[in-house]
Amino acid sequence: MNLTEVISHNRTEVMRKMLKLRQFRVGESMTAYLMLLPNLILMCLFLFWPIVYAFYVSLHDWSGLGSMHYIGFDNYIKIWGEQDFWQSLWISAKYSLAYVPSVFVLALLLALLVKSINGFPQKLFRTVYFLPYSISLVAGSLVWTFMYDPTRGYFNRILTLLGLPPQDFLVSMDQALYSVTVLGLWHIVGFNMIIFLASLKDIPTSYYEAAKMDGASSMRMFFTITFPLLRNTNVFILIVTIIGSLQVFDQIKIMTEGGPANSTNVTVLYIYNQAFQINQIGYSTSVAFVLFFIIMTLTLIQLKVTSGNE
């Protein structure tokens, strides 16, 4: 064969191999999509479709029993004039302002404390701090409700033994919300501590050894090495904690039911009461969507502020 025939033959062979490789990749992709198809179908049925249907319901006046009456965006317009909604949103914001920084700081401090302990004591403390998270929040709320009881509660007995005046806790408009916040801290701090502890153990010890050789103090090493290298974990903890604080419901419902005098009537409880106490399903669904957009906006802002250019 001459040179032209050789080049033509090689080109044909290369094209044939490229076509075969492309067919193999297409078949491989189709296999992957077919294996994912059951999960995608379940996600559409139990995640995306309920969201679409809920938005459809929010455009109607519906009690949950009779027929729906289409009213467009009237439910969303109605929200802005509802004083109870704005009050519930403000109470949720107060809960978040007390809950989120406390969870973050306590979890990080406990993680640093547990990391400084070696051997079996570290495992013991790690288990003890994580134990509350393994307890049902409903069961924990019932127990803490009894301990907060003004007359027979465990906490007031301790205060009396210490010579301090008893407190009203859950029956006080000023103390009820923060009493519930303490329960939330008790339940979640150990879980976040484990996340922080795992991230702390991933930081190379060579950084600290070099800093010690330069004469850096423990506080300086924390702010120049530890905290910056925990940035991704910090962002995750803050986002998840903020979302959880704005969706708080179980402990509020069990411990106070929004009282006293609506001082703990957070937005999710407000949605629940509108749906199942007043039977305004359409309106309550629209409030749920408003809360969703508030949470999504806060999350996007937080990602933008904390993640920099990544």
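Everything below is about the structure shown above.
What counts as what
Residues numbered from 1 in each chain as written. Predicted model: local features only at pLDDT ≥ 70, side-chain atom pairs only at ≥ 80, totals over all residues. Heavy atoms only, no water. 1 Å grid on protein atoms, 1.4 Å probe; cavity = no way out; pocket = protein on both sides within 12 Å on 5 of 7 lines; lining within 4 Å. Points joined across faces, edges and corners; volume = space filled by probe spheres on them. Helix = DSSP H or I, 4+ residues; strand = E, 2+ residues; numbered from the N terminus. Nonpolar A, V, L, I, M, F, W, Y, C, P; charged D, E, K, R; others polar. Polar contact = N/O pair within 3.5 Å; in protein donor to acceptor, adjacent residues only side chain to side chain. Contact = heavy atoms within 4.5 Å. Core = buried A, V, L, I, M, F, W, Y, C linked by side-chain atoms within 4.5 Å. Buried < 20%, exposed > 50% of the residue type's maximum accessible area, 1.4 Å probe, protein only.

What follows deals with the layout of surface pockets. Here the largest pocket is characterised by a volume of approximately 290 Å³. Around the largest pocket sit 17 residues that line it, and Tyr99, Leu137, His187, Ile188 and Gly244 are the ones nearest its centre. Contributions of two or more residues to the lining of the largest pocket are made by helix H3 (83-115), helix H7 (176-201), helix H10 (231-246) and helix H11 (250-255). The dominant element in the lining of the largest pocket, judged by the number of residues it contributes, is H7, at five residues. When grouped by side-chain class, the residues that make up the lining of the largest pocket number nine nonpolar, seven polar and one charged.

Position of Ser284 among the secondary structure elements: in helix H13 (residues 281-307). In terms of polar contacts, Ser284 uses its side chain to reach the backbone carbonyl oxygen of Ile281, at 2.9 Å. Beyond its immediate chain neighbours, meaning those up to four positions away, Ser284 contacts Ile271, Gln274 and Ala275.

Judged by nonpolar contacts, the single largest core of 57 residues is most densely connected at Ile79, Phe85, Tyr99, Phe196, Met255 and Val287. With 13 residues, H3 is the single largest residue contributor to this core. Setting aside residues up to four positions removed in sequence, Met255 forms contacts with Ser141, Trp144, Thr145, Tyr148, Leu170, Val180 and Leu183.

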